[in-house]
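# Secondary and tertiary structure notes
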Amino acid sequence: MPWRRATDRSMSVRVIPLVDARRPVVAPADAPAQAPTGSLLDRLGRPLTDLRISVTDRCNFRCSYCMPKEVFDKDYRYLPHADLLSFEEITRVARLFVQHGVRKIRLTGGEPLLRKNIEGLVEQLAQLRTPDGKALDLTLTTNGSLLARKSKALKAAGLQRVTVSLDGLDDAVFRAMNDVDFPVAEVLAGIEAAQAAGLGPIKVNMVVKRGTNEQEILPMARRFRGTGVVLRFIEYMDVGATNGWRMDEVLPSAEVVARIAAEFPLVPLEASAPGETAQRWAYADGAGEIGVISSVTQAFCQDCSRARLSTEGQLYLCLFASRGHDLKPLLRGDASDAQVLSAIGHIWQGRADRYSELRALREPDTGDGGPRRVEMSYIGG
Ligand code: SF4
(Lines give C-alpha, C1' and ligand atoms only; values in the text may rest on other atoms or scores of the structure.)
Protein backbone atom coordinates (compact mmCIF):
# COMPACT_ATOMS: atom_id res chain seq x y z
CA MET A 1 0.00 0.00 0.00
CA PRO A 2 2.92 2.43 -0.78
CA TRP A 3 0.66 4.97 -2.46
CA ARG A 4 -2.84 6.21 -1.69
CA ARG A 5 -4.42 9.22 -3.37
CA ALA A 6 -5.87 11.41 -0.64
CA THR A 7 -9.63 12.04 -1.02
CA ASP A 8 -10.53 15.33 -2.69
CA ARG A 9 -7.18 17.07 -2.88
CA SER A 10 -4.52 16.93 -5.51
CA MET A 11 -1.95 15.72 -2.95
CA SER A 12 -0.74 12.10 -3.04
CA VAL A 13 0.46 10.67 0.25
CA ARG A 14 2.96 7.78 0.44
CA VAL A 15 2.27 5.97 3.71
CA ILE A 16 4.75 3.74 5.53
CA PRO A 17 3.28 1.70 8.41
CA LEU A 18 4.64 2.93 11.74
CA VAL A 19 6.28 0.45 14.07
CA ASP A 20 6.91 1.46 17.65
CA ALA A 21 10.59 2.47 17.53
CA ARG A 22 10.52 4.04 20.98
CA ARG A 23 12.97 1.61 22.58
CA PRO A 24 15.38 3.95 24.33
CA VAL A 25 18.90 3.56 25.61
CA VAL A 26 18.65 3.81 29.38
CA ALA A 27 20.68 6.78 30.61
CA PRO A 28 23.75 5.75 32.62
CA ALA A 29 22.94 5.96 36.36
CA ASP A 30 26.58 5.34 37.13
CA ALA A 31 28.07 7.96 34.84
CA PRO A 32 31.34 9.26 36.32
CA ALA A 33 30.49 12.21 38.57
CA GLN A 34 31.24 15.51 36.89
CA ALA A 35 30.38 18.96 38.21
CA PRO A 36 28.54 21.05 35.62
CA THR A 37 30.91 23.51 33.98
CA GLY A 38 28.23 25.35 32.08
CA SER A 39 30.25 24.78 28.92
CA LEU A 40 29.63 21.19 28.03
CA LEU A 41 30.84 20.30 24.50
CA ASP A 42 29.93 17.33 22.34
CA ARG A 43 32.38 15.36 20.21
CA LEU A 44 32.14 18.01 17.45
CA GLY A 45 32.85 20.82 19.90
CA ARG A 46 29.25 22.04 20.04
CA PRO A 47 27.86 23.46 23.30
CA LEU A 48 24.49 22.55 24.79
CA THR A 49 22.51 25.79 24.82
CA ASP A 50 18.99 24.94 23.57
CA LEU A 51 16.55 22.45 25.05
CA ARG A 52 13.33 21.59 23.24
CA ILE A 53 10.79 19.93 25.49
CA SER A 54 7.89 18.01 24.01
CA VAL A 55 4.99 18.12 26.48
CA THR A 56 2.55 15.91 24.52
CA ASP A 57 2.61 13.46 21.60
CA ARG A 58 -0.91 14.49 20.62
CA CYS A 59 -2.03 17.08 18.12
CA ASN A 60 -5.33 18.35 16.79
CA PHE A 61 -3.90 18.75 13.28
CA ARG A 62 -2.77 16.03 10.86
CA CYS A 63 -0.19 17.81 8.74
CA SER A 64 0.92 15.25 6.17
CA TYR A 65 4.63 16.14 6.53
CA CYS A 66 4.53 15.43 10.26
CA MET A 67 1.52 13.40 11.39
CA PRO A 68 -0.21 11.88 8.36
CA LYS A 69 -3.81 10.98 9.14
CA GLU A 70 -3.41 7.54 7.60
CA VAL A 71 -0.88 6.63 10.32
CA PHE A 72 -1.96 8.74 13.26
CA ASP A 73 -5.55 7.53 13.00
CA LYS A 74 -8.16 6.68 15.60
CA ASP A 75 -6.35 3.42 16.44
CA TYR A 76 -2.97 5.05 17.03
CA ARG A 77 -1.70 4.34 20.53
CA TYR A 78 -0.64 7.63 22.19
CA LEU A 79 1.41 7.62 25.35
CA PRO A 80 -0.61 6.93 28.50
CA HIS A 81 -0.74 9.97 30.79
CA ALA A 82 1.15 8.15 33.55
CA ASP A 83 4.12 7.87 31.19
CA LEU A 84 4.33 11.61 30.59
CA LEU A 85 6.81 13.52 32.67
CA SER A 86 5.02 15.62 35.26
CA PHE A 87 5.55 19.38 35.35
CA GLU A 88 7.74 18.93 38.42
CA GLU A 89 9.89 16.33 36.63
CA ILE A 90 10.17 18.54 33.54
CA THR A 91 11.16 21.54 35.68
CA ARG A 92 13.74 19.50 37.58
CA VAL A 93 15.40 18.17 34.47
CA ALA A 94 15.25 21.63 32.83
CA ARG A 95 16.96 23.12 35.89
CA LEU A 96 19.77 20.58 35.51
CA PHE A 97 20.15 21.30 31.78
CA VAL A 98 20.49 25.00 32.66
CA GLN A 99 23.43 24.11 34.88
CA HIS A 100 25.03 22.50 31.84
CA GLY A 101 24.67 25.68 29.78
CA VAL A 102 21.10 25.71 28.40
CA ARG A 103 19.90 29.29 27.93
CA LYS A 104 16.85 28.73 25.78
CA ILE A 105 13.90 26.42 26.37
CA ARG A 106 11.29 25.80 23.67
CA LEU A 107 8.07 23.97 24.53
CA THR A 108 6.80 21.79 21.70
CA GLY A 109 4.69 18.69 21.05
CA GLY A 110 2.57 17.45 19.16
CA GLU A 111 0.58 20.56 19.96
CA PRO A 112 1.80 21.85 23.37
CA LEU A 113 -1.33 23.92 24.07
CA LEU A 114 -3.29 20.67 24.25
CA ARG A 115 -1.43 19.74 27.47
CA LYS A 116 -3.77 20.51 30.35
CA ASN A 117 -2.76 23.55 32.43
CA ILE A 118 0.36 24.17 30.33
CA GLU A 119 0.44 27.64 31.92
CA GLY A 120 1.37 25.91 35.19
CA LEU A 121 4.47 24.43 33.57
CA VAL A 122 5.37 27.78 31.99
CA GLU A 123 5.12 29.38 35.42
CA GLN A 124 7.54 26.85 36.93
CA LEU A 125 10.05 27.13 34.07
CA ALA A 126 9.88 30.93 34.13
CA GLN A 127 11.31 30.82 37.68
CA LEU A 128 14.51 29.16 36.52
CA ARG A 129 17.67 31.27 36.36
CA THR A 130 21.05 30.73 34.74
CA PRO A 131 24.06 30.29 37.09
CA ASP A 132 24.69 34.04 36.65
CA GLY A 133 21.11 34.87 37.61
CA LYS A 134 19.63 35.62 34.19
CA ALA A 135 16.16 34.56 33.05
CA LEU A 136 15.95 31.93 30.34
CA ASP A 137 14.68 32.58 26.83
CA LEU A 138 11.36 30.71 27.26
CA THR A 139 9.40 30.17 24.07
CA LEU A 140 6.81 27.80 22.56
CA THR A 141 5.94 26.46 19.11
CA THR A 142 2.23 26.03 18.36
CA ASN A 143 -0.10 25.44 15.43
CA GLY A 144 -2.01 28.49 16.67
CA SER A 145 -5.37 26.74 16.94
CA LEU A 146 -5.73 27.56 20.69
CA LEU A 147 -3.61 30.71 20.79
CA ALA A 148 -6.44 33.24 20.73
CA ARG A 149 -7.82 31.65 23.89
CA LYS A 150 -4.52 31.10 25.71
CA SER A 151 -2.21 34.03 24.84
CA LYS A 152 -2.94 36.24 27.83
CA ALA A 153 -2.57 33.41 30.36
CA LEU A 154 0.68 32.20 28.77
CA LYS A 155 2.13 35.69 28.92
CA ALA A 156 1.02 36.13 32.53
CA ALA A 157 2.64 32.78 33.38
CA GLY A 158 5.99 34.04 32.07
CA LEU A 159 6.17 32.89 28.46
CA GLN A 160 8.25 35.34 26.40
CA ARG A 161 7.61 34.47 22.78
CA VAL A 162 5.73 32.14 20.48
CA THR A 163 6.41 30.62 17.09
CA VAL A 164 3.31 29.75 15.07
CA SER A 165 3.24 27.15 12.28
CA LEU A 166 1.19 28.41 9.33
CA ASP A 167 1.56 26.78 5.91
CA GLY A 168 -0.58 29.11 3.82
CA LEU A 169 -3.20 31.88 3.75
CA ASP A 170 -5.51 30.36 1.19
CA ASP A 171 -8.16 28.68 3.33
CA ALA A 172 -8.53 25.63 1.08
CA VAL A 173 -4.78 25.06 0.92
CA PHE A 174 -4.41 25.50 4.68
CA ARG A 175 -7.30 23.18 5.47
CA ALA A 176 -5.83 20.57 3.13
CA MET A 177 -2.39 20.82 4.73
CA ASN A 178 -3.63 20.51 8.34
CA ASP A 179 -5.93 17.77 7.06
CA VAL A 180 -8.58 18.39 9.75
CA ASP A 181 -10.38 21.18 7.89
CA PHE A 182 -9.22 23.80 10.41
CA PRO A 183 -9.86 27.35 9.15
CA VAL A 184 -6.93 29.67 8.62
CA ALA A 185 -8.86 32.62 10.10
CA GLU A 186 -8.63 31.14 13.60
CA VAL A 187 -4.85 30.81 13.42
CA LEU A 188 -4.55 34.40 12.17
CA ALA A 189 -6.73 35.49 15.10
CA GLY A 190 -4.38 33.57 17.39
CA ILE A 191 -1.37 35.42 15.99
CA GLU A 192 -3.11 38.76 16.56
CA ALA A 193 -4.02 37.76 20.13
CA ALA A 194 -0.41 36.71 20.82
CA GLN A 195 0.85 40.03 19.46
CA ALA A 196 -1.67 41.92 21.59
CA ALA A 197 -0.61 39.92 24.67
CA GLY A 198 3.05 40.86 24.06
CA LEU A 199 4.32 37.38 23.11
CA GLY A 200 6.54 38.85 20.42
CA PRO A 201 8.50 39.18 18.30
CA ILE A 202 6.33 36.42 16.85
CA LYS A 203 7.80 34.04 14.34
CA VAL A 204 5.61 32.34 11.77
CA ASN A 205 6.99 29.11 10.28
CA MET A 206 5.80 27.91 6.88
CA VAL A 207 6.84 24.47 5.66
CA VAL A 208 7.17 24.74 1.87
CA LYS A 209 6.30 21.61 -0.13
CA ARG A 210 6.84 21.83 -3.87
CA GLY A 211 3.61 21.17 -5.74
CA THR A 212 1.50 21.68 -2.61
CA ASN A 213 1.77 25.20 -1.16
CA GLU A 214 4.63 27.01 -2.93
CA GLN A 215 2.07 29.41 -4.44
CA GLU A 216 1.53 30.69 -0.88
CA ILE A 217 5.08 32.03 -0.48
CA LEU A 218 4.42 35.51 -1.87
CA PRO A 219 0.95 35.97 -0.32
CA MET A 220 2.50 35.10 3.08
CA ALA A 221 5.36 37.58 2.52
CA ARG A 222 2.92 40.32 1.51
CA ARG A 223 0.73 39.58 4.56
CA PHE A 224 3.43 39.72 7.25
CA ARG A 225 5.73 42.41 5.82
CA GLY A 226 5.72 45.49 8.07
CA THR A 227 3.82 43.74 10.90
CA GLY A 228 6.77 42.91 13.13
CA VAL A 229 6.12 39.19 12.57
CA VAL A 230 9.22 37.32 11.35
CA LEU A 231 8.19 34.90 8.60
CA ARG A 232 10.39 31.84 8.10
CA PHE A 233 10.25 29.30 5.31
CA ILE A 234 11.24 25.74 6.19
CA GLU A 235 12.41 23.24 3.60
CA TYR A 236 10.29 20.09 3.61
CA MET A 237 12.29 17.49 5.56
CA ASP A 238 12.54 13.69 5.76
CA VAL A 239 11.65 13.74 9.45
CA GLY A 240 10.38 10.51 11.01
CA ALA A 241 9.38 7.53 8.89
CA THR A 242 5.79 8.22 7.88
CA ASN A 243 5.58 11.33 5.68
CA GLY A 244 6.72 9.66 2.45
CA TRP A 245 9.36 12.34 1.87
CA ARG A 246 10.79 12.77 -1.62
CA MET A 247 13.57 15.12 -2.66
CA ASP A 248 11.59 16.32 -5.69
CA GLU A 249 9.00 17.81 -3.31
CA VAL A 250 11.65 19.99 -1.66
CA LEU A 251 11.70 23.61 -2.84
CA PRO A 252 15.23 24.82 -2.02
CA SER A 253 15.39 27.95 0.13
CA ALA A 254 17.47 29.68 -2.54
CA GLU A 255 14.39 29.53 -4.80
CA VAL A 256 12.16 30.88 -2.03
CA VAL A 257 14.50 33.85 -1.48
CA ALA A 258 14.72 34.49 -5.22
CA ARG A 259 10.92 34.54 -5.58
CA ILE A 260 10.50 37.05 -2.76
CA ALA A 261 13.47 39.20 -3.82
CA ALA A 262 11.95 39.51 -7.28
CA GLU A 263 9.11 41.51 -5.69
CA PHE A 264 10.73 42.83 -2.49
CA PRO A 265 14.51 43.38 -2.59
CA LEU A 266 16.30 41.62 0.27
CA VAL A 267 19.65 42.05 2.01
CA PRO A 268 21.35 39.27 4.03
CA LEU A 269 21.53 39.65 7.83
CA GLU A 270 23.94 38.15 10.37
CA ALA A 271 22.71 35.34 12.60
CA SER A 272 21.16 36.80 15.77
CA ALA A 273 22.77 34.08 17.93
CA PRO A 274 25.26 31.19 17.48
CA GLY A 275 23.50 28.00 16.37
CA GLU A 276 20.55 29.89 14.89
CA THR A 277 18.77 27.59 12.42
CA ALA A 278 17.46 30.33 10.11
CA GLN A 279 19.37 32.34 7.54
CA ARG A 280 18.01 35.86 7.93
CA TRP A 281 17.14 38.35 5.19
CA ALA A 282 15.94 41.91 5.70
CA TYR A 283 13.57 43.72 3.35
CA ALA A 284 15.71 46.45 1.79
CA ASP A 285 12.92 48.96 2.39
CA GLY A 286 12.94 48.32 6.15
CA ALA A 287 9.65 46.39 6.28
CA GLY A 288 11.13 43.71 8.53
CA GLU A 289 12.81 40.40 7.90
CA ILE A 290 12.27 36.84 6.76
CA GLY A 291 14.23 33.66 7.42
CA VAL A 292 14.84 30.39 5.64
CA ILE A 293 15.59 27.09 7.41
CA SER A 294 17.39 24.89 4.93
CA SER A 295 18.08 21.56 6.61
CA VAL A 296 18.09 19.74 3.23
CA THR A 297 20.04 22.01 0.88
CA GLN A 298 22.23 23.96 3.36
CA ALA A 299 22.77 21.78 6.43
CA PHE A 300 23.64 23.64 9.65
CA CYS A 301 24.80 20.78 11.87
CA GLN A 302 28.23 22.31 12.50
CA ASP A 303 26.90 24.54 15.25
CA CYS A 304 23.78 22.65 16.28
CA SER A 305 23.46 23.13 20.03
CA ARG A 306 19.96 21.62 20.45
CA ALA A 307 18.84 18.74 22.60
CA ARG A 308 15.29 17.40 22.56
CA LEU A 309 13.41 15.87 25.44
CA SER A 310 10.41 13.70 24.57
CA THR A 311 7.23 13.94 26.59
CA GLU A 312 8.09 10.76 28.47
CA GLY A 313 11.67 11.72 29.30
CA GLN A 314 13.85 10.46 26.49
CA LEU A 315 16.74 12.66 25.46
CA TYR A 316 17.28 12.90 21.70
CA LEU A 317 20.42 14.52 20.31
CA CYS A 318 19.15 15.17 16.78
CA LEU A 319 15.78 15.76 15.07
CA PHE A 320 16.58 12.79 12.82
CA ALA A 321 17.80 10.45 15.57
CA SER A 322 16.53 6.90 15.74
CA ARG A 323 17.02 6.39 19.46
CA GLY A 324 16.85 8.42 22.64
CA HIS A 325 18.40 8.14 26.09
CA ASP A 326 15.81 7.45 28.74
CA LEU A 327 16.16 9.83 31.67
CA LYS A 328 12.88 8.77 33.29
CA PRO A 329 14.33 5.88 35.36
CA LEU A 330 16.73 8.42 36.89
CA LEU A 331 14.03 11.04 37.43
CA ARG A 332 11.58 8.57 38.95
CA GLY A 333 14.21 6.49 40.77
CA ASP A 334 16.36 7.75 43.64
CA ALA A 335 19.04 9.33 41.52
CA SER A 336 20.43 12.56 42.96
CA ASP A 337 20.67 15.78 40.98
CA ALA A 338 24.40 15.14 40.68
CA GLN A 339 23.75 11.73 39.10
CA VAL A 340 21.22 13.12 36.62
CA LEU A 341 23.65 15.96 35.80
CA SER A 342 26.39 13.45 35.16
CA ALA A 343 24.17 11.33 32.96
CA ILE A 344 23.19 14.34 30.84
CA GLY A 345 26.83 15.45 30.63
CA HIS A 346 27.94 11.98 29.68
CA ILE A 347 25.30 11.69 26.95
CA TRP A 348 26.01 15.09 25.42
CA GLN A 349 29.77 14.55 25.41
CA GLY A 350 29.19 11.38 23.40
CA ARG A 351 27.15 13.20 20.77
CA ALA A 352 28.37 13.31 17.16
CA ASP A 353 25.04 13.68 15.31
CA ARG A 354 25.08 15.53 11.97
CA TYR A 355 22.30 13.86 10.00
CA SER A 356 21.64 16.70 7.56
CA GLU A 357 25.29 17.00 6.61
CA LEU A 358 25.46 13.25 5.97
CA ARG A 359 22.17 13.33 4.02
CA ALA A 360 23.66 15.98 1.75
CA LEU A 361 26.55 13.61 0.99
CA ARG A 362 24.13 10.76 0.19
CA GLU A 363 21.75 12.87 -1.96
CA PRO A 364 18.74 10.59 -1.41
CA ASP A 365 15.64 10.74 -3.60
CA THR A 366 13.42 9.45 -0.83
CA GLY A 367 13.54 9.20 2.93
CA ASP A 368 13.85 5.43 2.84
CA GLY A 369 16.83 3.52 4.14
CA GLY A 370 18.90 3.87 7.26
CA PRO A 371 17.67 3.37 10.82
CA ARG A 372 14.06 4.36 11.39
CA ARG A 373 13.96 8.01 12.51
CA VAL A 374 11.94 9.18 15.46
CA GLU A 375 8.69 10.99 14.63
CA MET A 376 8.82 14.81 14.77
CA SER A 377 5.38 14.82 16.45
CA TYR A 378 7.00 12.90 19.31
CA ILE A 379 10.06 15.11 19.98
CA GLY A 380 8.97 18.43 18.51
CA GLY A 381 10.39 20.23 15.43
S1 SF4 B 1 20.26 17.34 11.51
FE2 SF4 B 1 20.53 16.95 13.68
S3 SF4 B 1 22.58 17.65 14.14
FE4 SF4 B 1 22.00 18.53 12.19
S5 SF4 B 1 21.15 20.53 12.67
FE6 SF4 B 1 19.43 19.10 12.59
S7 SF4 B 1 19.15 18.40 14.70
FE8 SF4 B 1 21.19 19.33 14.56
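Preceding this paragraph is the structure being described.
Per chain, residue numbering runs from 1 following the sequence as it is written. Residue-level local features of this predicted model are given only where pLDDT is at least 70; pairs of side-chain atoms are given and counted only at 80 or more, and the full residue set underlies all totals for whole chains, interfaces and linings. In computing side-chain values, all of the structure's heavy atoms are included and hydrogens and water are not.

## Thoughts on the site of the ligand
- Near is defined per residue: the residue qualifies when any heavy atom it owns lies within 4 Å of the molecule or strand. Among the 13 residues in the neighbourhood of the ligand, the closest are listed as Cys 301, Cys 304, Cys 318, Leu 319 and Ser 356.
- Every element with two or more residues in the shell around the ligand is listed here: strand S13 (306-309) and helix H10 (355-362).
- Amino acids outside the nonpolar list (Ala, Val, Leu, Ile, Met, Phe, Trp, Tyr, Cys, Pro) and the charged list (Asp, Glu, Lys, Arg) are all regarded as polar, and Gly is one of them. Split by residue class, the shell around the ligand holds seven nonpolar, one polar and five charged. Think of it this way: any DSSP run of H or I at least four residues long counts as a helix, any run of E at least two long counts as a strand, and we number them from the N terminus.

## Here we look at the pairing of strand S5 (residues 104-108)
- Of all five residues in S5, five are buried; the element is thus mostly enclosed.
- When a residue's accessible area, from a 1.4 Å probe over protein chains only, is under 20% of the maximum for its type it is buried; when over 50% it is exposed; and in between it is partly exposed. Of the two faces of S5, both are covered, the one formed by Lys 104, Arg 106 and Thr 108 as well as the one formed by Ile 105 and Leu 107.
- For two strands to pair, DSSP has to find at least two bridges joining them. Where strand S4 (residues 50-54) lies against S5, five bridges are found, and the strand directions are parallel. Its bridge partner being in S5, Ser 54 is matched across the sheet by Thr 108.
- Handedness of a crossover: with both strands directed away from the viewer, a clockwise path from the first strand across the helix to the second marks it as right-handed. For the crossover that starts at S4, traverses helix H1 (residues 87-99) and ends in the parallel S5, the hand is right-handed.
- One ladder, built from four bridges, connects S5 with strand S6 (residues 137-142); its direction is parallel. Looking across to S6, one finds that Lys 104 is bridged to Asp 137.
- The parallel pair S5 and S6, bridged by helix H2 (residues 118-126), forms a crossover whose chirality is right-handed.

## As for unusual backbone geometry
- A cis amide bond, omega 20°, links Gly 109 with the succeeding residue Gly 110.
- Of note, Gly 110 is situated in the loop between S5 and H2.
- The omega angle of the peptide bond from Gly 200 to Pro 201 is -5°, so this bond is cis rather than trans.
- Looking at the element boundaries, Pro 201 is found in the loop between helix H5 (184-197) and strand S8 (203-208).
- Even without glycine at this site, Asp 179 takes up a positive phi of about 60°.
- With a phi angle near 60°, Asp 181 is a residue other than glycine that sits in the positive phi range.
- Within the secondary structure, Asp 181 is located in the loop between helix H4 (171-178) and H5.

## Considering the packing of aromatic side chains
- Any pair of Phe, Tyr and Trp rings, taking the six-membered ring for Trp, is counted once the centres come within 6.5 Å. Such a pair is stacked with planes under 30 degrees apart, edge-to-face with planes over 60 apart, and tilted for the rest. The tally for this structure, following the rule as stated, stands at seven aromatic pairs.
- Taking 6.1 Å as the distance between ring centres and 75° as the angle between the ring planes, the aromatic pair formed by Phe 61 and Phe 174 counts as edge-to-face. Of the two residues, Phe 61 sits in the loop between S4 and H1 while Phe 174 sits in helix H4, which places them 113 residues apart along the sequence.
- The buried category is assigned to Phe 174, whose relative accessible area is 3%.
- Seen from their ring centres, Phe 264 and Tyr 283 are 5.8 Å apart, and the 85° between their planes marks the pair as edge-to-face. Remark: Tyr 283 occurs in strand S11 (residues 279-283) and Phe 264 occurs in the loop between helix H7 (253-263) and strand S10 (266-269); sequence separation between them is 19 residues.
- With relative accessibility at 13%, the residue Phe 264 sits in the buried group.
- Judged by its relative accessible area of 4%, Tyr 283 is buried.
- If you follow Arg 225 out to its NZ or CZ, it ends over the ring of Tyr 283, 4.8 Å from the centre. Whether a charge sits over a ring depends on NZ of Lys or CZ of Arg being within 6 Å of the ring centre and within 35 degrees of the ring normal.

## Brief notes about the environment of Lys 152
- Position of Lys 152 relative to the elements: it lies in helix H3 (residues 147-157).
- On the accessibility criterion, Lys 152 (70% relative accessible area) is exposed.

## Describing the pattern of salt bridges
- Within this document, salt bridges are pairs made up of a side-chain nitrogen of Lys or Arg and a carboxyl oxygen of Asp or Glu, the two lying within 4 Å of each other. In total, this model carries 22 salt bridges according to the counting rule given.
- One salt bridge connects Asp 42 with Arg 351, and the closest N-O pair in it is separated by 3.0 Å. Taken together, the residues Asp 42 in the loop between strand S3 (25-26) and S4 and Arg 351 in the loop between helix H9 (337-349) and H10 connect sequence positions 309 residues apart.
- Given a relative accessible area of 1%, Arg 351 falls into the buried group.
- Note that Asp 285 and Arg 225 form a salt bridge whose closest N and O atoms lie 2.9 Å from each other.

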